[in-house]
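Structural overview
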Amino acid sequence: MLVIGLISGTSVDGIDTALVEISGTVESPQVQLLAGETYPYSPRLRETILQVCGGEKLSIEDLASLDDNIAAEFAQAALNIQKEAPKAQLIGSHGQTVFHRPPKNDRLGYTVQLGRGAAIAKITSIPTISNFRAADIAQAGHGAPLVPKIDAYLLSHPTTARCVQNIGGIGNLTYLPPRQRENWQQKIFGWDTGPGNVLIDLAVQFLSQGQQTYDHNGQWSAQGQPCSELVHKWLQEPYFQQYPPKSTGRELFSPAYLAQLREDAQAYSLGDADWLASLTDLTAISIAHSYQTFLPEMPAEVLLCGGGARNAYLRQRLLAHLGSNVKLLTTDEVGLNSDFKEAIAFALLAYWRWHDFPGNLPKVTGAKEEVLLGEIYL
Ligand SMILES: Nc1ncnc2c1ncn2[C@@H]1O[C@H](COP(=O)(O)OP(=O)(O)OP(=O)(O)O)[C@@H](O)[C@H]1O
Ligand SMILES: CC(=O)N[C@H]1[C@@H]2OC[C@@H](O2)[C@@H](O)[C@@H]1O[C@H](C)C(=O)O
């Protein structure tokens, strides 16, 4: 089956689009990436989305327009990716997260992904599945992360314990015990580790007065030295200490949050590069600390994906904190494209929904039950 997966993540940089051929069975899918593209948002649309993510008030009418502007761009991305290919039979569209509130006590979580599937189906004439997180949230889950079940099917190893670490705007991991271990599927873990690139990106934009949006290959932060006293103070953030299941977003790791870290850096008289190095080190140590605190064992391999895998300084700090027993690779090195993994994931989640196969892992999201994920718009 030819399926298109679409997602714009928490970095809000553009629409990751994957055209994949899915064969085999639902329980044993084979996925081949035929084409992958990122279609950047226009600067104006990106700015509006970031403002909404930052809590800017919006009338319902403006919300409707934004929803359909995003849907139109997602639909165009789907049409573009298959120009040279036969017509896809299905689209799985994550949409654009603009709000995410995890569940608390008896209160259900709430999450909003814009870019309605009904409009994408209408524009493309391809059945579209969207709103993947809602059913898990209705079962008292976080509705995130959803990729761990995909990782389990595509990246687990018979004899090696692995973690898959996404470093997008937000970071999230999947822990995969060796498949040969008894009941291995019951022993999979996953949660959001905290900031991926979000703090680094916000700081670079602030320091460059909007001229740069990210620290290319970590070149700027590599010129500084992390202040370990500050990094350890920042690691006291309650989110890092919270037990899984857990999920987070730009609501917590926001411009206001960064402003506090800026004040701290000024109190320590840190230069710009030292501040960036400290933020990068915080990102790395929050990931490593989360493994050391919440996993039953350290993995032998960590497979990186997401844009942060290209940040050489972040990788270097991550390796320093994980320890030399851990082998740091990217998912590309084991055959899965690290830039389009999330888009591929939503293609496979759509395929599973189409075939009535549950997409969530209750142990990961905290949901009461396995459920079918996504709403179908023919
Ligand atoms: N060459 C590079 N050097 C350093 N950082 C990079 C590089 N390329 C991409 N990035 C970082 O990766 C980010 C984009 O990553 P990605 O597309 O994986 O995020 P996302 O999918 O939007 O987020 P999430 O996974 O949280 O939904 C950019 O904002 C930038 O910070
Ligand atoms: C609410 C939301 O959009 N969460 C994203 C975000 O970006 C990374 C991390 O936080 C992850 O939990 C999730 O996305 C991936 C695709 C997931 O659900 O697995």
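Residues numbered from 1 in each chain as written. Chains lettered and ligands numbered in written order. Predicted model: local features only at pLDDT ≥ 70, side-chain atom pairs only at ≥ 80, totals over all residues. Heavy atoms only, no water.

**Some details on the pattern of salt bridges**
Our working definition: The term salt bridge refers to a pairing of a side-chain nitrogen on Lys or Arg with a carboxyl oxygen on Asp or Glu at a separation within 4 Å. Labels follow the DSSP assignment, with helices taken as runs of H or I lasting at least four residues and strands as runs of E lasting at least two, numbered in each case from the N terminus. Think of it in three bands: residues with accessible area under 20% of the maximum for their type are buried, residues over 50% are exposed, and the middle band is partly exposed, with areas taken using a 1.4 Å probe on protein chains only.
A complete count under the given rule lists nine salt bridges for this structure. For lysine 341, the salt bridge goes to aspartate 151, with nearest N and O atoms at 2.6 Å. Within this pair, whereas lysine 341 is found in helix H12 (residues 341-354), its partner aspartate 151 is found in helix H5 (residues 147-155), the two being separated by 190 residues in sequence. Residue classification places aspartate 151 among the buried positions, given a relative accessible area of 2%. When the shortest N-O distance is used, the salt bridge between arginine 181 and glutamate 297 registers 3.1 Å. Of this pair, arginine 181 sits in the loop between strand E8 (170-176) and strand E9 (189-195) while glutamate 297 sits in the loop between helix H10 (272-294) and strand E10 (301-305); the two residues are 116 residues apart in sequence, bridging distant segments of the chain.

**Notes on the environment of alanine 75**
Threshold: Two residues qualify as a contact provided that any one of their heavy atoms is within 4.5 Å of a heavy atom in the partner residue.
With respect to the helices and strands, alanine 75 occurs in helix H2 (residues 60-81). We classify alanine 75 as buried; its relative accessible area is 0%. Taking the C-alpha atoms as reference, alanine 75 lies 10 Å from alanine 118; in sequence the two are 43 residues apart. Filtering out sequence-adjacent residues up to four positions away, alanine 75 remains in contact with Ile120, Ile123 and Thr124.

**A look at the domain arrangement of the protein chain**
Selection rule: Each domain's extent is set by a domain assignment, obtained either automatically or from a database. Counting of polar contacts relies on pairs of N or O atoms within 3.5 Å, with two restrictions inside protein: one atom must be capable of donating a hydrogen and the other of accepting it, and residues adjacent in sequence are counted only when both atoms are side-chain atoms.
Segmentation of the protein chain into domains returns domain 1 (1-142 + 337-375) and domain 2 (148-324). Taken over C-alpha atoms, the centre of domain 1 sits 23 Å from the centre of domain 2. Counting residues at the interface gives 33 residues for domain 1 and 29 residues for domain 2. Counting across the domain 1 and domain 2 interface gives three salt bridges. Remark: the boundary between domain 1 and domain 2 carries 14 residue pairs in polar contact (both at pLDDT 80 or more). Counting only elements with at least two residues in the side of domain 1 that touches domain 2, the list comes to strand E3 (29-40), helix H1 (43-53), strand E4 (90-101), H12 and helix H13 (362-365). If you tally residues by element for the side of domain 1 that touches domain 2, the top one is H12, at six residues.

**Comments concerning empty space enclosed by the protein**
What counts is decided by this rule: For cavity detection a 1 Å grid was placed over the protein atoms alone, and a set of points counts as a cavity when a 1.4 Å probe fits there but cannot get out; an open set counts as a pocket when protein lies on both sides within 12 Å along at least five of seven lines, with lining residues being those that have an atom within 4 Å of a point. Grid points are joined across faces, edges and corners, and a volume is the space filled by probe spheres set on the points.
Summed over the entire model, instances satisfying the criterion amount to one cavity of 30 Å³ or more. Lining of the largest cavity is provided by Val147, Asp151, Val164, Asn166, Asn172, Leu173, Thr174, Cys305, Lys341 and Glu342. Within the residue set of the lining of the largest cavity, elements represented by two or more residues are H5, strand E7 (162-167), E8 and H12. No other element matches E8, which puts three residues into the lining of the largest cavity.

**Re the site of ligand 2**
In plain terms, the rule: Neighbouring residues are identified by heavy atoms, a residue being near a molecule or strand if any of them is within 4 Å of it. The protein chains shown are the only cover counted for residues, whose accessible areas, like all others here, come from Shrake-Rupley with a 1.4 Å probe.
In the region of ligand 2, 17 residues are neighbours, and Thr97, Arg133, Leu146, Val147 and Asp192 sit closest. The backbone of valine 147 places a nitrogen or oxygen atom 2.9 Å from an oxygen atom of ligand 2. For ligand 2, whose free accessible area comes to 430 Å², the fraction covered by protein is 97%. Looking at the shell around ligand 2, the elements that each hand over two or more residues are E4, E8 and H12. The element best represented in the shell around ligand 2 is E4, accounting for three residues. Of the residues that make up the shell around ligand 2, three or more belong to each of domain 1 (1-142 + 337-375) and domain 2 (148-324).

**Things to note about the nonpolar core**
To keep things clear, this is the line we draw: Buried Ala, Val, Leu, Ile, Met, Phe, Trp, Tyr and Cys residues that are joined via side-chain atoms within 4.5 Å together make up what is termed a nonpolar core.
One finds Val3, Val20, Phe132, Phe346, Leu349 and Trp352 to be the most contacted residues of the largest nonpolar core, which totals 38 residues. Sorting the residues of this core by element identifies strand E1 (2-8), strand E2 (14-24), H5, E10 and H12 as the ones contributing at least two each. Among the elements that make up this core, the one with the highest residue count is H12 (ten residues). When residues of this core are sorted by domain, at least three fall in each of domain 1 (1-142 + 337-375) and domain 2 (148-324). If near-sequence neighbours (up to four positions away) are discounted, valine 20 is found in contact with Met1, Leu2, Val3, Val31, Gln32, Leu33, Leu34, Ile344 and Ala347.

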